[in-house]
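Remarks on the overall topology
These are the residues of each chain, in order.
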Amino acid sequence: MGNDGWTLAYDAFEPSREGLREALCTLGNGFFCTRGAAPESEADDVHYPGTYLAGGYNRLKTEVAGRVVENEDLVNMPNWLLLKFRPEDGDWLNLMSVEILSYRQELDMKAGVLIRTVRFRDGRSRETTVMLRRFVHMAAMHLAALEMTIMPENWSGRIRIHSALDGTVVNAGVERYRRLNGAHLAPVGSGPANDDGIYLLVETNQSRIRVAEAARTRVYFGDEQADVARNIRQEPGYIAQDCLVEAVKGRPVRIEKIVSIHTSRDFAISEPVTDAVEGIRQAAPFDALLAGHMKQWSHLWDRCDIQVWGDERAQMILRLHVFHLLQTASRNSIDLDTGVPARGWHGEAYRGHIFWDELFIFPYLNMRIPVLTRSLLLYRYRRLDRARTAAWEAGFRGAMFPWQSGSNGREETQELHLNPESGRWLPDNTHLQRHVNAAIAYNLWQYYQATGDEEFMATYGVEMMLEIARLFSSIATYNEELGRHEILGVMGPDEYHDRYPGSDRPGVDNNAYTNVMAVWVMRTAMKALDVIQAGRRSDLLDTIGLDHSEIDRWRDIVRTMRVVFHDDGIISQFEGYDRLAEFDFEGYRRKYGNIRRLDRILEAEGDSVSRYKVSKQADVLMLYYLFSAEELRELFERMGYDFHPLSIPKNIEYYLQRCSNGSTLGNVVHSWVLARSDRPGAWELFNRALESDISDIQDGTTHEGIHTGAMAGTVDIVQRCFTGMEFRDDVLCFNPRLPGNRTRLGMKIKYRGNWFDLMLDGESMTIASRTSQIRTAKIGHDGRVYELPPGERLTFAVRNKGAG
């Protein structure tokens, strides 16, 4: 793989790894993403071309296990990539049926370009080199471009070129979903466009989104455009141009395919086909478009890059993670009314839904492109009324956001899920993860802390926080015997324990993470009221009908919320956790090897993971991920519990021993919580987290879509964990601790409108304010607060106490 820190490279064609590479080499711009499939390929056991629009959802019904279920999916849109060739008397290029003489594929992250060069020999001993370049334009959000250069090395003759738009595609990228209805597109129309183009119009068959693609295909000999005859081929949902070109030994044939994509939901358009066709008519040639695209990426990298000296692979993977984050959510995403899906717009896993992963994603965006975070938070605000309705229908007050969200904010968690190990369809209770609401509140407050955006909070943010606090107040019940408030019948982040062993009632009681986060939400919602001016505060309280008696109830819950402990200071993941059986991790590792998905393994054996002290991912440990020891002590003391920082390593060790790491987020959280006490261990887990997608360590799932939360989480470890960055009122505080002296970090961050340059090594940390800034910042370190005027810098010594 590339060693310049900017290139992900492959030097061999490996059919079994193509799906993974297609996900990792996806190109996008926040409006749409296209997987890194070869343009000559179609969906089969090796390849899966896919193009996905941000927010491009559709619902279909399927009969499953005797009942009709409805699922909302991110739709695989028409394949615009199709571009292939063959000698007039030969076969269409297929790397599976030729002798590959050399192969190189590169994802140039600095430029945002995917390049593939293949030299091959066909069955008639013709040797040919084909070079491909393509990009999805980061500045001109509706455009993409593909260039194919064909070099006949030892032959001459006519070649046939086939350039198509294929709307007959279906959703089939996730094997376990293939029993469900995946035919989302209905053909509407197609035809020629201008003199050298074609267009295709389709419509999603439930959500009625019209999607138009127009493609302009031109052939060049050197810089001179060839005048070629074109034959248009059409069938419902498919249109292609075929042309014949005279190829001469040693003379390259260059083909440019420029594509424009518009939808019926776009702003400032007349009609999708009209604007898509206009787009290819006005588009510049490939190289000119590429120059504009590269310029936009240069601007992005200038503010978004994180530099790591001393570890080339870590540097390259961090850039890969940043690259995919910026392709999933960019300036083009603003006003699209989308969130950030757990698997990006890179595939069909999790159906493109939005979960709680923004908890791991927004901290990076807050410190570089906060206007983008603002827009993504509005995705939740626009669904606030739907969340209020969900709470009311469940018998609660406030707003209850869904665990899985898609188009309109209804709960998209499936009623049944398939265990591929047993082939059985099982009830899905993950909708009981009420903690997703706490994640939304946390994201709102972190955004405010990073930006000081009082207008946003007054207009949108505080209202959401109050309604979420109201929800947690509503679901909390008072236990007269214990004198404590409880939250019953929920799921924590762990996800393995969706009920008690042998119980028919879904959910567990007093999940520690949920209860503590509920207290944090209510306390912070009361604090948020002080952010807004008195007049707006009065209007908001009146509008939502929140009175002082309800807020007094919040204060009472904060003082009396129940947290269960066992074994002398271990926070119980939930009530009754201590009564579960210990699990034979070593025995099952010997038997199965990979035991990350113990829930599936045990269910296939007729057992249940709910019987054991085992977690899929961090649950209690999430508290140490989100909060400092000081913050946790304050929270627990408010609830009437003693909290000693020395209990933290004890709890970390206890739960690390009982985690199967069934989620890519696990290594992120575990690395973070170990960073202060076990730096070598934290560095090892950090590197393991880096490998999650690039090495596909999660049971071969990355080909279905990247893991945006884990990618962002690794970047945030460098940004906030290693620097010890946190917000304390209006002070930006640092407590840096690198995991080893061999590493040096550099980055730019934006805090409350000011840009800063940050450099950190094993000896010192320097933070410099730009001369162009207009205000003095408050910087905290080692218990002291310093003022940092524009154009000045501060340098602090790094204390390297602890293991490693």
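What comes next is a walk through the structure.

Analysis parameters
- Throughout, a residue's number is its position along its own chain's written sequence, starting from 1.
- Local features in a predicted model are, by the rule used here, given only for residues with pLDDT of at least 70; side-chain atom pairs are given and counted only at 80 or more, and totals for whole chains, interfaces and linings are based on all residues.
- Values shown for side chains rest on all heavy atoms present in the structure; no hydrogens or waters enter the calculation.
- For helices the rule is a DSSP run of H or I covering at least 4 residues; for strands it is a run of E covering at least 2, with both sets numbered from the N terminus onward.
- Exposure categories follow from relative accessible area, calculated using a 1.4 Å probe and restricted to protein chains: below 20% of the type maximum is buried, above 50% is exposed, and the middle band is partly exposed.
- Criterion for a salt bridge: a side-chain nitrogen of Lys or Arg within 4 Å of a carboxyl oxygen of Asp or Glu.
- N or O atoms closer than or at 3.5 Å make up a polar contact, with two conditions inside protein: a donor-capable atom paired with an acceptor-capable one, and, for residues adjacent in sequence, both atoms drawn from side chains.
- The contact definition used throughout considers only heavy atoms, calling two residues in contact when any of these lie within 4.5 Å.
- Should DSSP find at least two bridges between two strands, the strands are taken to pair.
- Each axis is a line fitted through C-alpha atoms, taken for helices only over the stretch in contact, and angles between the N-to-C directions span 0 to 180 degrees.
- Grouping buried Ala, Val, Leu, Ile, Met, Phe, Trp, Tyr and Cys residues that are joined through side-chain atoms within 4.5 Å yields what is termed a nonpolar core.
- Note on aromatic contacts: the rings of Phe and Tyr and the six-membered ring of Trp form a pair at centre separations within 6.5 Å, being stacked when their planes are under 30 degrees apart, edge-to-face when over 60 apart, and tilted otherwise.
- Any Lys NZ or Arg CZ found within 6 Å of a ring centre and within 35 degrees of that ring's normal is scored as a charge over the ring.
- A helix is expected to reach a length of 1.5 Å times the quantity of its residues less one.

**A short note on unusual backbone geometry**
Non-glycine residue aspartate 335 carries a positive phi angle of around 75°. Relative to the assigned elements, aspartate 335 resides in the loop between α4 (312–328) and α5 (358–366). Here aspartate 335 falls in the partly exposed class, since its relative accessible area comes to 46%. A positive phi angle is found at arginine 752, which is not glycine, with a value near 50°. With respect to the helices and strands, the residue arginine 752 is situated in the loop between β29 (744–751) and β30 (754–760). Overall, the relative accessible area of 23% leaves arginine 752 in the partly exposed class.

**A look at the pattern of salt bridges**
Across all of its chains, the model carries 63 salt bridges by this definition. Put simply, glutamate 550 and arginine 397 hold a salt bridge, and the shortest N to O gap is 3.3 Å. A residue pair is termed long-range when its members are at least 10 positions apart, and glutamate 550 in helix α12 (residues 548–560) and arginine 397 in the loop between α7 (384–393) and β21 (416–419) qualify at 153 residues. Accessibility expressed as a relative area gives 9% for glutamate 550, which makes it buried.

**Overview of the side chain of histidine 262**
By secondary structure assignment, the location of histidine 262 is in strand β19 (residues 253–263). Assessed through its relative accessible area of 7%, histidine 262 is described here as buried. Among the polar contacts listed, one links the side chain of histidine 262 to the side chain of histidine 142, at a separation of 3.5 Å. Setting aside anything within four residues of it in sequence, one finds histidine 262 in contact with His142, Arg210, Val211, Ala212, Ile269, Pro272, Asp275 and Ala276.

**Quick word on the sheet that holds β30**
In space, the five strands of this open sheet follow the order β20-β29-β30-β31-β34, with antiparallel pairing throughout. With partners counted over all chains shown, the strands left at the sheet margins are β20 (306–309) and β34 (793–797), one partner each. For this sheet, the mean angle separating the axes of adjacent strands, direction not counted, is 15°. Relative to β30, β29 is paired through seven bridges, and the arrangement is antiparallel. In the sheet register, tyrosine 751 faces β30, and the bridge partner there is asparagine 754.

**Description of the nonpolar core**
In a soluble, globular protein the nonpolar side chains are often hidden away together inside. Counting residues in each nonpolar core, the largest one holds 215 residues, and the members touching the most others are Trp80, Trp356, Leu466, Met622 and Tyr624. Residues in contact with tryptophan 356, not counting those within four places in the same chain, are Trp403, His435, Val436, Ala439, Pro493, Tyr513, Gln617, Met622 and Leu665.

**Description of the environment of alanine 240**
If you trace the backbone, alanine 240 turns up in strand β18 (residues 238–247). Separated by 61 residues in sequence, alanine 240 and arginine 179 have C-alpha atoms that sit 30 Å apart. In contact with alanine 240, other than residues within four places in its own chain, are His162, Ser163, Ala164, Ile198, Asn231, Ile232 and Arg233.

**Some thoughts on the packing of aromatic side chains**
One pass over the full model with this rule turns up 36 aromatic pairs. Look at phenylalanine 13 and tyrosine 103: their rings are 5.9 Å apart centre to centre, the planes differ by 45°, and that puts the pair in the tilted class. With phenylalanine 13 in the loop between β1 (7–10) and α1 (18–24) and tyrosine 103 in strand β8 (residues 99–108), this residue pair connects regions lying 90 residues apart in the sequence. For the pair phenylalanine 13 and tyrosine 103, a shared accessibility class is recorded, and that class is buried. When the ring centre of phenylalanine 221 is taken as origin, the NZ or CZ atom of arginine 251, which lies over that ring, is 3.8 Å away. When the ring centre of tyrosine 588 is taken as origin, the NZ or CZ atom of lysine 591, which lies over that ring, is 5.8 Å away.

**As for helix α19 (residues 679–694)**
Spanning 16 residues, α19 covers 24 Å between terminal C-alpha atoms, matching the ideal 22 Å at 1.5 Å per step. Burial within α19 is extensive, with twelve of its 16 residues counted as buried. Taken as a whole, α19 has its buried residues at Arg679, Gly681, Ala682, Trp683, Leu685, Phe686, Ala689, Leu690, Glu691, Ser692, Asp693 and Ile694. Buried residues along α19 sit in contact with β1, α1, α4, α18 (665–674) and α20 (708–721). Backbone nitrogen of glycine 681 and a side-chain oxygen of the N-cap are separated by 3.0 Å at the start of α19; the cap is aspartate 678. Once α19 finishes, aspartate 696 follows within two positions and takes phi at roughly 55°, a positive value.

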